[in-house]
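Residue strings, one per chain:
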Amino acid sequence: KNFSTMSGLARAVDALAGSHDQQLTALRLILEAAKDPNRAEELVGVGAILPLLLRHQKVKRAKDLTALPPPANEEEDLEAAELSLMALGELVVVATAHLHKAGWELNSDEKNEVAFVNADNNVMQSVPPSLGDNVPWEREALLDLILLLTPKEVRDDGSARWPLHVRHFVRSGQRGGRGDLAVLDVALLGQQGALRQLHIGPWRGMEEMDPVIDEVALHETRGENVESWLHTTVAGLVTLFAAADRPVVLAGAGGGSVLCFLRKYLPDIDVVAAEPCPQAASALVEYFSIPTTFLRVMDPSDLVKDGAGAVAVDLRGENGATVLEGVEGLLRNIKDQKPQVSVFCLGSGEKQAVAMKALVDKELGGSVVVRELRQGGDSNDGIANGVLVVGPPAEALVPARWQASQLAGKLPFKLSTSRDMNGITHLEWSESDGVVQADGGPAAQRAEVPEADDMWACFGSDDEGSAGPEAVVETPWLKPEYWAELGGGLAVTDSPSASMGVPEGFAEGLKKTLEESGYVVSNNPVLEKEQLRPLIDAMQRIQAAGWPPVAIFCFDMAWNVLMSLWDVAETILGPCSLEPSFTAFRLNYVKPKDVGNNFGLPHRDYAFSEALDDKRNPKVLSVWFPLNDITTSNGCMYIVPRENDPYWEVEEKGIIGDAHLAPNAGIRALAPYPAGTFMAWYGNTVHWGSGCLKEGAKDPRASFALVFRRADVAPDEGTPVIPRSALTSPASLHTRLRQVEKSLDYFAHWYPVPADVKAKLAAVPKPE
């Protein structure tokens, strides 16, 4: 009855948790709805996708992907899998129609995998395109289904490796209306590993992170690190104010990342998680390896009532009304027990977050300080995904307090900045300056950084004579001989860098073209291909040794090439400095997600006012320099010229949605061009890099990426620039390795840094 309504669809999905006959009836109803293009998005909205995928993926298969007959599979599972696949297939038909309407076609790439091809310019990509900023999220999520129905491989035992593997699913109604709960394994692109996610709420697509409560890499040891700003803030504040004689209570365990982290680094503190939902607790034990010793299935307020020293409350992902009803008792106990600190992780919904803050203010605001925390930045828009901290005054949330804390010194990160803006505290965290000792004790602290214009100040002193009593014993990569061997004879000295020269008249006309189009490509190379070949060969060897391409800046020649590019940049900007975010790339066709690969989403590095001054002269200049010949096959850059960009003057930066991207006909591929070509663009010019295809894999694109800033333009806060005098002064190998480390940190939001590379760079002696 009433199946024609959206609530009727939701009840059909609820019935998938019933008996086998109820499930089959529900699946047949869902299949009929999936055939109706007008109801496809409703199925996504009511949470039908994950339970359908679960049943589709449950059966064992032959190598040709057909389901194996009994006894390999139960007859009931085969029936459910067949109906689920039929429903998902109908949804893919709807998704394909939306693609065609937006000007995209489906095709296959050289690996015979699904590819999306733009009908206007034949640009091919491996991920679904965005349909626009005003398109419902349910329609965007439908496109992702196209990639999810076929396994990446079928193993000999009939099990399969899926792009998105639904390991576990519990419907919201089964857990008191707290939202659908799922455990998902997301396959890593080009690798065998996977990320395991704890997911609460309807599935919103592969790129939508709102429902993801926690995420762990299956190949990493639990508890080594916390990855997100939210988890870092919770772990940091709890540590900063924890009392040795009172327990730390985590109200809601999430996926266990904070729990495992605190148990590892604070073994002398009693840390326990209280999870009120039995289904969530069971999933944590089975799929996230959380020891039952530290996990209690109970109302968190009861643990707080027993005298907690610190409390962290995770409110994300749950149904808003359910959360608010359950938190009132917890708040009353917090008010009675007065823990040193209480941290509340707010949900992604603005309405729920506002209601939660109002409730905390009402219950606690009269007796203790309630502060709103955000990630470092200037935005004060909305409080969703923010944090409330209750107890400590604002003056206690500062780096000096962190440095004075013995417990905080045991963690592998530190509080680096704290700023109050309009009553909101903005926090930033960074890696710890010292190596955490085996006994958990605080490591030696790095000295204060010198002034920004003092040679290589932003990377520390060049003095390698002593790193103090905590110095790490030198290892081979700390010696120039190690790099000289890897570089095939390229020099590694502390000699001042010197330009390799620029052809006479080379820069003529570059500035004018840049003003007209927002980008420029030189007619001739700055340096010849034969001159640059040693860098390509060295990059290949250092990658084979496990180092990322940016380690090429350990060699003198890389800096000498950079000096030549500086010469050209000064003909456009005048006197200028170098941003410390410079890096190097060498694409990897086999492992496209490794460090040093392209970033394939259209983006602006700077907003309009950050990129140009009042007279429309450039404040910054992005330079892209290929070391080998560039084609559309081995990986090129794409640009939206100024004249084709209707949003040229917008005050936005970062990834650009399709609504603010020029029509496809207005996009330019910067290829083919020879090695050594000088390419540059304004900071607000939309650009992105393509990946390396199979036909270009024998000579994958290698390049430098640099940003120069006009000398009379103030640097970004907390980001000291490098003056030209720094390169004309001696710089040691250790200083260069510290820059490699800093560069990797700048781009860690693109690609995670391998643990072994982190460990090696952590062993570089720090300046006194």
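Before going into details, it helps to say that this report is about the structure given with it. Computed from a predicted model, the values in this text were never measured in an experiment.

**Looking at the overall build of the protein**
Piece 1. When helices and strands are tallied, the protein shows 21 helices and 29 strands.
Piece 2. In the protein, buried positions account for 53% of the 768 residues.
Piece 3. Nonlocal contacts in the protein, meaning residues at least 24 apart in sequence, comprise 72% of its contacts between residues at least 6 apart.
Piece 4. Accessible area of the protein: about 32,800 Å², with a carbon and sulfur share of 50%.

**A word on unusual backbone geometry**
Piece 1. Pro-70 connects to Pro-71 through a cis peptide bond whose omega is 10 degrees.
Piece 2. Here Pro-71 lies in the loop between α4 (49-58) and α5 (75-101).
Piece 3. The omega angle of the peptide bond from Ala-671 to Pro-672 is -5 degrees, so this bond is cis rather than trans.
Piece 4. Looking at the element boundaries, Pro-672 is found in the loop between β26 (668-669) and β27 (677-682).
Piece 5. Look at Lys-338: it is not a glycine, yet its phi comes out positive at around 55 degrees.
Piece 6. Here Lys-338 is to be found in the loop between α11 (320-337) and β14 (341-345).

**Here's the deal with the environment of Leu-578**
Piece 1. Summarising the element assignment, Leu-578 is placed in strand β20 (residues 576-578).
Piece 2. Through-space distance from the C-alpha of Leu-578 to that of Ala-711 is 9.3 Å; in sequence the pair is 133 residues apart.
Piece 3. Those residues in contact with Leu-578, other than ones at most four positions away along the chain, are Leu-562, Trp-566, Leu-706, Val-707, Phe-708, Val-721 and Ile-722.

**Considering the sheet that holds strand β3 (residues 124-125)**
Piece 1. Taken in spatial order, the three strands of this open sheet run β1-β2-β3, and their pairing is antiparallel. With partners counted over all chains shown, the strands left at the sheet margins are β1 (104-108) and β3, one partner each.
Piece 2. Of the pairings in the sheet, the one linking β1 to strand β2 (residues 114-118) comprises five bridges and is antiparallel in character. By the bridge assignment for β2, Ser-108 is matched with Val-114.

**Let's talk about the nonpolar core**
Nonpolar side chains in soluble globular proteins tend to be buried together.
Piece 1. In this structure, Trp-483, Ile-552, Phe-553, Phe-678 and Phe-704 are the most contacted members of the largest nonpolar core, which totals 72 residues.
Piece 2. Top element by residues in this core is helix α17 (residues 556-573). It accounts for 12 residues.
Piece 3. Discounting chain neighbours no more than four positions away, the residues touching Phe-553 are Ala-558, Trp-559, Leu-562, Phe-582, Thr-583, Ala-584, Phe-704 and Arg-736.
Piece 4. Counting 57 residues, the second largest nonpolar core, distinct from the first, contains Ala-242, Tyr-265, Leu-266 and Ala-312.

**Let's talk about the side chain of His-231**
Piece 1. As for its position among the elements, His-231 is in helix α7 (residues 229-241).
Piece 2. A relative accessible area of 10% places His-231 in the buried class.

**So, helix α9 (residues 278-287)**
Piece 1. Three or more residues of α9 are buried, namely Ala-280, Ala-281, Ala-283, Leu-284 and Tyr-287. End-on, the buried residues of α9 take up no more than an arc of 160 degrees, which puts them together on one face.
Piece 2. Contacts made by the buried residues of α9 are with β6 (164-170), β7 (181-187), β8 (194-200) and β12 (295-296).

**Overview of a negative patch on the surface**
Piece 1. On the surface, Asp-21, Glu-74, Glu-75, Glu-76, Glu-79 and Glu-82 cluster together into a patch of negative charge.
Piece 2. Considering every element that reaches the negative patch, the biggest residue donor is α5, with four residues.
Piece 3. Mapped onto the fold, Glu-74 is located in the loop between α4 and α5.

**Some remarks on the pattern of salt bridges**
Piece 1. One pass over the full model with this rule turns up 24 salt bridges.
Piece 2. One salt bridge in this structure joins Arg-139 and Glu-41, with 2.6 Å as the shortest N-O distance. Of the two residues, Arg-139 sits in helix α6 (residues 137-145) while Glu-41 sits in helix α3 (residues 37-45), which places them 98 residues apart along the sequence.
Piece 3. What makes Arg-139 partly exposed here is its relative accessible area of 25%.

**Overview of the pairing of β6**
Piece 1. Counting buried residues in β6 gives five out of seven residues, a clear majority hidden from the surface.
Piece 2. Bridge count between β6 and β7: six bridges; the pairing is antiparallel. Directly across from Val-170, in β7, lies its bridge partner Leu-181.

**So, the environment of Glu-528**
Piece 1. You can see Glu-528 is positioned in the loop between β19 (519-525) and α16 (529-544).
Piece 2. Separated by 147 residues in the primary sequence, Glu-528 and Ala-675 have C-alpha atoms spaced 6.8 Å apart.

**So, the packing of helix α2 (residues 20-34) against α3**
Piece 1. The N-to-C vectors of α2 and α3 enclose an angle of 130 degrees; their axes lie 7 Å apart at closest approach. As far as their axial angle goes, α3 and α2 are oblique. Within the contact between the two elements, α2 uses Ile-30, Ala-33 and Ala-34 and α3 uses Arg-39, Ala-40 and Leu-43.
Piece 2. Looking at side-chain class alone, the contact of α2 with α3 contains five nonpolar, no polar and one charged residues.

**As for the sheet that holds strand β15 (residues 369-375)**
Piece 1. If you walk across this open sheet you meet the nine strands as β12-β11-β10-β13-β14-β16-β15-β18-β17, and the pairing is mixed. Each end of this open sheet is capped by a strand with a single partner; those strands are β12 and β17 (413-421).
Piece 2. As paired elements, strand β13 (residues 310-314) and β14 share five bridges and run parallel to each other. When the sheet's bridge partners are listed, Val-311 is paired in β14 with Ser-342.

Parameters at a glance
All residue numbers refer to positions counted from 1 along the written sequence of the respective chain. Under the rules for a predicted model, residues below a pLDDT of 70 receive no local features and side-chain atom pairs below 80 are neither given nor counted, while totals for whole chains, interfaces and linings still include all residues. Excluded from the side-chain calculations are hydrogens and water; all other atoms, namely the structure's heavy atoms, are used. Runs of E in the DSSP output that reach at least two residues are strands. Runs of H or I that reach at least four are helices, and both are numbered from the N terminus. Burial status follows relative accessibility: with a 1.4 Å probe on protein chains alone, a residue under 20% of its type maximum counts as buried, one over 50% as exposed, and anything between as partly exposed. Contacts are assigned to residue pairs with any non-hydrogen atoms lying within 4.5 Å of each other. The method behind every accessible area is Shrake-Rupley, applied with a 1.4 Å probe, and residues are considered shielded solely by the protein chains displayed. Strand pairing is defined by DSSP finding a minimum of two bridges between the two strands. The set of buried Ala, Val, Leu, Ile, Met, Phe, Trp, Tyr and Cys residues whose side-chain atoms join them within 4.5 Å is what this entry labels a nonpolar core. Relevant arc is that of directions from the helix axis to the C-beta atoms, nothing else. Think of a patch as exposed residues, more than 30% relative accessible area, with no salt bridge, where like charges cluster within 9 Å and nonpolar side chains (Val, Leu, Ile, Met, Phe, Trp, Tyr) cluster within 5 Å. Here a salt bridge means any side-chain nitrogen of Lys or Arg lying within 4 Å of a carboxyl oxygen belonging to Asp or Glu. In this tally Asp and Glu are treated as negative and Lys and Arg as positive; neither His nor the chain ends contributes. The atom standing in for a charge is NZ when the residue is Lys, CZ when it is Arg, CG when it is Asp and CD when it is Glu. Lines fitted to the C-alpha atoms define the axes, with helices restricted to the stretch that makes contact. Angles between their N-to-C directions range from 0 to 180 degrees. In what follows, roughly perpendicular refers to angles from 65 to 115 degrees, roughly parallel to angles under 35, roughly antiparallel to angles over 145, and oblique to any angle outside these ranges. Side-chain classes are defined by residue name, with Ala, Val, Leu, Ile, Met, Phe, Trp, Tyr, Cys and Pro counting as nonpolar, Asp, Glu, Lys and Arg as charged, and the others, Gly among them, as polar.

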